[in-house]
Amino acid sequence: MSSIELLNATEIRELAARAGIRPTKQLGQNFVLDGGTVRKIVRQADVLPGDRVVEVGPGLGSLTLGLLEAGADVVAVEIDPVLGRLLPTTVLAHVPGLSLVPAVSDDDPVVLRDADGRDRLTIVLRDALEVRALPGPPPVALVANLPYNVSVPVLLTFLERFDSLERVLVMVQAEVADRLAAPPGSRTYGVPSAKAAWYASARRTATVGRTVFWPAPNVDSALVRFDRREPPVATASRAEVFAVVDSAFAQRRKMLRSALAGLAGSPEAAVAAIEAAGIDPQARGEVVDIAAFARIAAALAAQPGRVVS
Ligand code: SAM
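Residues numbered from 1 in each chain as written. Predicted model: local features only at pLDDT ≥ 70, side-chain atom pairs only at ≥ 80, totals over all residues. Heavy atoms only, no water.

The next subject is the site of the ligand. Residues in contact with the ligand amount to 21 residues; listed here are only the nearest, Val32, Gly57, Glu78, Ala128 and Asn145. Between the ligand and the protein, one listed contact pairs a nitrogen atom with a side-chain N or O atom of Glu55 at 3.2 Å. When the free accessible area of the ligand is taken as 600 Å², the share hidden by the protein chains comes to 98%. Where the shell around the ligand is concerned, the elements lending two or more residues are strand E1 (31-32) and strand E3 (73-78). In terms of residue class, the shell around the ligand is built from nine nonpolar, seven polar and five charged. (Near = heavy atom within 4 Å. Polar contact = N/O pair within 3.5 Å; in protein donor to acceptor, adjacent residues only side chain to side chain. Areas by Shrake-Rupley, 256 points an atom, 1.4 Å probe, with all protein chains shown as cover. Helix = DSSP H or I, 4+ residues; strand = E, 2+ residues; numbered from the N terminus. Nonpolar A, V, L, I, M, F, W, Y, C, P; charged D, E, K, R; others polar.)

It is worth spelling out a nonpolar patch on the surface at this point. Judged by side-chain polarity, Leu92, Leu100 and Val110 come together as a nonpolar surface patch covering roughly 220 Å² of accessible area. The residue Leu100 is located in strand E4 (residues 99-101) in this model. (Patch = residues over 30% accessible without salt bridge, like charges linked within 9 Å, V, L, I, M, F, W, Y side chains within 5 Å. Salt bridge = Lys/Arg side-chain N within 4 Å of Asp/Glu carboxyl O.)

What follows deals with helix H12 (residues 290-301). Along an α-helix, residues three or four positions apart point the same way, because every turn accommodates 3.6 residues. When the terminal C-alpha atoms of H12 are compared, their 16 Å separation across 12 residues agrees well with the 16 Å that a helix rising 1.5 Å per residue should span. Within H12, nine of the 12 residues are buried, which leaves the element mostly enclosed by the surrounding structure. Regarding H12, the residues found buried are Ile290, Ala292, Phe293, Ala294, Ile296, Ala297, Ala298, Ala299 and Leu300. Where H12 is buried, its residues contact helix H7 (191-199), helix H8 (238-250), helix H9 (256-259), helix H10 (261-264) and helix H11 (267-276). (Expected span 1.5 Å × (residues − 1). Buried < 20%, exposed > 50% of the residue type's maximum accessible area, 1.4 Å probe, protein only. Contact = heavy atoms within 4.5 Å.)

This part takes up the domain arrangement of the protein. Splitting the protein by domain gives domain 1 (9-228) and domain 2 (238-302). On a C-alpha basis, the centroid separation for the pair domain 1 and domain 2 is 35 Å. Between domain 1 and domain 2, the residue contacts involve 13 residues of the former and 15 residues of the latter. Carbon and sulfur atoms supply 67% of the area buried between domain 1 and domain 2, which totals about 1100 Å² over both sides. When the buried surface of domain 1 facing domain 2 is broken down by residue, Tyr189, Lys195 and Trp198 rank first, second and third, together holding 49% of it. For the pair domain 1 and domain 2, the number of links is two salt bridges. One salt bridge in this structure joins Lys195 and Asp246, with 2.9 Å as the shortest N-O distance. Across the domain 1-domain 2 interface, the total number found is four residue pairs in polar contact (both at pLDDT 80 or more). (Domains from an automatic or database assignment. Buried area = accessible area lost by both parts, 1.4 Å probe.)

Below you can see the structure in the form of structure tokens.
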């Protein structure tokens, strides 16, 4: 690990003032002021030197510097062009031995390379939800302080699109962390928990208070760690399984047999598929795990006369 000075509260405020940045709620811009929190995130992500890590929303660079300090090569996806353009200057000032790779065209990502020719930081100026391919080697980890309003879609989209991701450590709103890590049968188990479970096991690892951010958000945050695993064995596609999950939770208090009637084409077809999957049709979605949702989707897909869209 090289010694890199992380951003502190004074520097973050100065950087923002100099660049005329006024953090917006709309883009979930709450910047981490505290090096201890940054290092905790990096530690809990098990980042090793040479790991290719994707960070969504580098902002002013607090976590980016922590990842670089741990020896990761970072590809950072930032939607805000003002922040994305400021980042190379900040990183060059904090990490010795890097230089800017001259871009050939305007569309090229900004790259900072070390003396050994390793691309240590690649900056992609895009909405993360629109990113379908990333430059450079495939990332093994997603490590991010996610913008609150899009945290679940960003997480699920990245797990879907980048199957090289073996582990994920994200900071999200505390309630969202609870939902993501909730097991079946718990009060907070729902669509995000079931869909995340398709890709990975999830564990809420720490609570983070409001004072480590500027500006301070009006909610607490938490860290969630995901470890990729094989999806449940099913003859139905992921999209078919997720359609069952969406229908099962569309009206939370409904029993599965009525919640899935529309999707199945009739209440009878729903009951047949749920029973074929070994589930009680009177159960509610909140007690069904992702493997059982996959079996229901497979049973639905196998029903005679069913048109697969
Ligand atoms: N990583 C920095 C930190 O820890 O201080 C900033 C985290 S801040 C909570 C979220 C960041 O995500 C902001 O920089 C914001 O501009 C960026 N962002 C918001 N929506 C985004 C999107 N759809 N795609 C990529 N970045 C996004």
